[in-house]
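Fold and geometry: a report
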Amino acid sequence: MRPHCIFIACLVLFAFCSLARSHFSQGPDKCCFSFSNVRIPVKQVVSYHTTHLECRCTGVIFITKDQREICADPLVSWVLRLKKMVDDRTLRNIVSEISSGESA
């Protein structure tokens with residue numbers, strides 16, 4: 001009877017450790033393995049974010065209106081300009097929301 005209890009206890013401990021490891025892992029969700037050379041119109045871009053630090057290549061992931069994710073090289077000039085235009089547009093939207101909220 002005793003070996004069965006030890007086996008079950010080890011099995012439960014192993015299952016718990018596996019579950020905890022999978023829930024608390026902080027690895028990258030998405031990485032870029034290649035970059036798009038096609039320039040994306042600013043009208044199509046909703047937002048962007050950079051890849052996780054653990055990714056092999058640092059990249060910028062643009063999210064389009066149709067929820068496509070497009071990887072781009074963060075050092076290319078059109079990518080830098082597009083990031084700035086998206087940031088400017090986002091800032092303008094935030095400022096207009098704040099100012100319309102104050103006038104109400």
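Anyway, here's the lowdown on the structure attached to this text. Since the model is a prediction, treat every value here as computed from it, not as a measurement. (Residues numbered from 1 in each chain as written. Predicted model: local features only at pLDDT ≥ 70, side-chain atom pairs only at ≥ 80, totals over all residues. Heavy atoms only, no water.)

1. Observations regarding the environment of Lys 43
You can see Lys 43 is positioned in the loop between helix H1 (2-24) and strand E1 (45-50). By relative accessible area, which is 63% here, Lys 43 ends up exposed. Taking the C-alpha atoms as reference, Lys 43 lies 9.9 Å from Met 85; in sequence the two are 42 residues apart. (Helix = DSSP H or I, 4+ residues; strand = E, 2+ residues; numbered from the N terminus. Buried < 20%, exposed > 50% of the residue type's maximum accessible area, 1.4 Å probe, protein only.)

2. Focus: unusual backbone geometry
One non-glycine residue with positive phi stands out, namely Gln 67, at about 65°. On the secondary structure map, Gln 67 appears in the loop between strand E2 (60-64) and strand E3 (69-72).

3. Notes on the nonpolar core
In this structure, Ile 40, Val 45, Val 60, Phe 62, Ile 70, Ala 72, Trp 78, Val 79, Leu 82 and Val 86 together form the largest nonpolar core, which totals 10 residues. When residues of this core are traced back to their parent elements, those giving at least two are E2, E3 and helix H2 (77-103). The element best represented in this core is H2, accounting for 4 residues. Apart from residues lying up to four places away in sequence, Trp 78 is in contact with Ser 36, Asn 37, Val 38, Arg 39, Ile 40 and Ala 72. (Core = buried A, V, L, I, M, F, W, Y, C linked by side-chain atoms within 4.5 Å. Contact = heavy atoms within 4.5 Å.)

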